[in-house]
Amino acid sequence: MTEPTLEQAPSAEDRRRLRRLPLFANASDATIHDLLAFVPVATIGRNQFAAREGTTPNSLLAVIGGRFALMTQAAGDQPRVIAMAGHGDLIMAAAAIAAMPYPLTARAIEEGRVASFPLATLWSAADRDSGFAVDLARIACGEWRSMVGQLKDYRLRSAPQRFAAYLVRLAAAAGQPHTGIAEVELVDDRKTLASLLGMTPENLSRTIAQFRERGVVVSGRSVTIANIGSLADFAGA
């Protein structure tokens, strides 16, 4: 961790949540038990950092609670959010698994809780458990694919298409139907969402207002979509 945190042993509920991570999809029960036995859980305060761009990780971080903005900042520029990590996500897993410098900074946008798996322990487990080794490789490769997909959705399309793609992703993650009415919750505040989509907050507000014409009604963080299939077609998703 790169900020003062409060670390504690995982609770029984923490362990149940961590067992459901894709990290353990093919791992043996013995491997899972060993890795969860002593994994520390840290509380990260709002606006504190779980990881900093350019530093080399010595552990793999898993989000148990809260939301983290994965961001970068050029000299003299405002921070730009590239992706988000929430409950059940691994923070920049590919960099951690390869023990390479973090490409982005992870900042808590609300108080969060993060489990920290020491890399030496993970590598030792991979040597003993081929199923777990496959999980590590799959996660590292899959993260880059997911990141490229988000960049295409949130950077290479028009502003309205970016917002549409974001809503379609939320609906898919929530298990909403692919056609007809869908209801989702905006998980991020307007400022963070605008940065993620490469917009100003003012541009995002205008886009949200214009989406009423497309049957998308935003009330606070609740969003009702008249036809999620049509919205996906518009987004190019």
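Scroll up for the structure.
Predicted model, so just to flag it, every value in this text is computed and none were measured.

Peer 1: Help me get a handle on the sheet that holds strand β12 (residues 222-225), residues and values and all.
Peer 2: The strands making up a sheet associate through hydrogen bonds between their backbones, and the pairing can be parallel or antiparallel. Strand order in this open sheet of three strands is β10-β12-β11, and the pairing throughout is antiparallel. Single-partner strands in this sheet number two, and they are β10 (182-185) and β11 (216-219). If you compare each strand with its neighbour and ignore which way they point, the axes differ by 15 degrees on average. With four bridges joining them, β11 and β12 adopt antiparallel strand pairing. Note on β12: the bridge partner recorded for Val217 is Thr224.

Peer 1: Any chance you could break down the packing of aromatic side chains for me, citing the residues and the numbers?
Peer 2: Given two aromatic rings, one states the distance between the centres and the angle between the planes to describe the pair. Counting across every chain of the model gives five aromatic pairs. Their ring planes at 20 degrees and their centres at 6.2 Å tell us that Phe24 and Phe132 sit as a pair that is stacked. Of this pair, Phe24 sits in the loop between α1 (12-19) and α2 (29-37) while Phe132 sits in helix α5 (residues 130-155); the two residues are 108 residues apart in sequence, bridging distant segments of the chain. In this pair, the class of Phe24 matches that of Phe132, namely buried.

Peer 1: An account of the sheet that holds strand β6 (residues 80-85) is needed here, citing residue identities and associated values.
Peer 2: Ordered in space as β3-β8-β5-β6, the four strands form an open sheet in which the pairing is antiparallel. Both outer strands of the open sheet, β3 (49-51) and β6, are each paired with one neighbouring strand and no more. Taken pair by pair, the neighbouring strands of this sheet meet at an average axis angle of 35 degrees, ignoring direction. Both strand β5 (residues 68-72) and strand β8 (residues 105-108) contribute to a ladder of four bridges, which runs antiparallel. Bridge pairing links Met71 to Thr105 in β8.

Peer 1: Outline the packing of α2 against helix α4 (residues 119-128), listing residues and values.
Peer 2: Running from N to C, α2 and α4 cross one another at 170 degrees; their axes reach a closest spacing of 11 Å. Our classification of the angle between α2 and α4 gives roughly antiparallel. Counted together, Thr31, Asp34 and Leu35 of α2 and Thr121, Leu122, Ala125 and Arg128 of α4 form the full contact between these two elements. A breakdown of the residues in the contact of α2 with α4 according to their chemical character gives three nonpolar, two polar and two charged.

Peer 1: For the nonpolar core, give the residues involved together with the corresponding values.
Peer 2: Core analysis: the largest hydrophobic core is formed by 34 residues, its most contacted members being Phe163, Tyr166, Leu167, Ile225 and Leu231. No other element matches the nine residues that helix α6 (residues 159-173) contributes to this core. Once residues within four sequence positions are removed from consideration, Tyr166 is found in contact with Tyr154, Leu186, Val187, Asp188, Leu193, Leu196 and Leu197. Listed in part, the 28 residues of the second largest apolar core include Leu18, Ile32, Ala94 and Leu136.

Procedures and definitions
Residues numbered from 1 in each chain as written. Predicted model: local features only at pLDDT ≥ 70, side-chain atom pairs only at ≥ 80, totals over all residues. Heavy atoms only, no water. Pairing = 2+ DSSP bridges. Helix = DSSP H or I, 4+ residues; strand = E, 2+ residues; numbered from the N terminus. Axes fitted to C-alpha atoms, helices over the stretch in contact; angles between N-to-C directions. Phe/Tyr/Trp six-rings, centres within 6.5 Å; stacked < 30°, edge-to-face > 60°. Buried < 20%, exposed > 50% of the residue type's maximum accessible area, 1.4 Å probe, protein only. Parallel < 35°, antiparallel > 145°, perpendicular 65-115°, else oblique. Contact = heavy atoms within 4.5 Å. Nonpolar A, V, L, I, M, F, W, Y, C, P; charged D, E, K, R; others polar. Core = buried A, V, L, I, M, F, W, Y, C linked by side-chain atoms within 4.5 Å.

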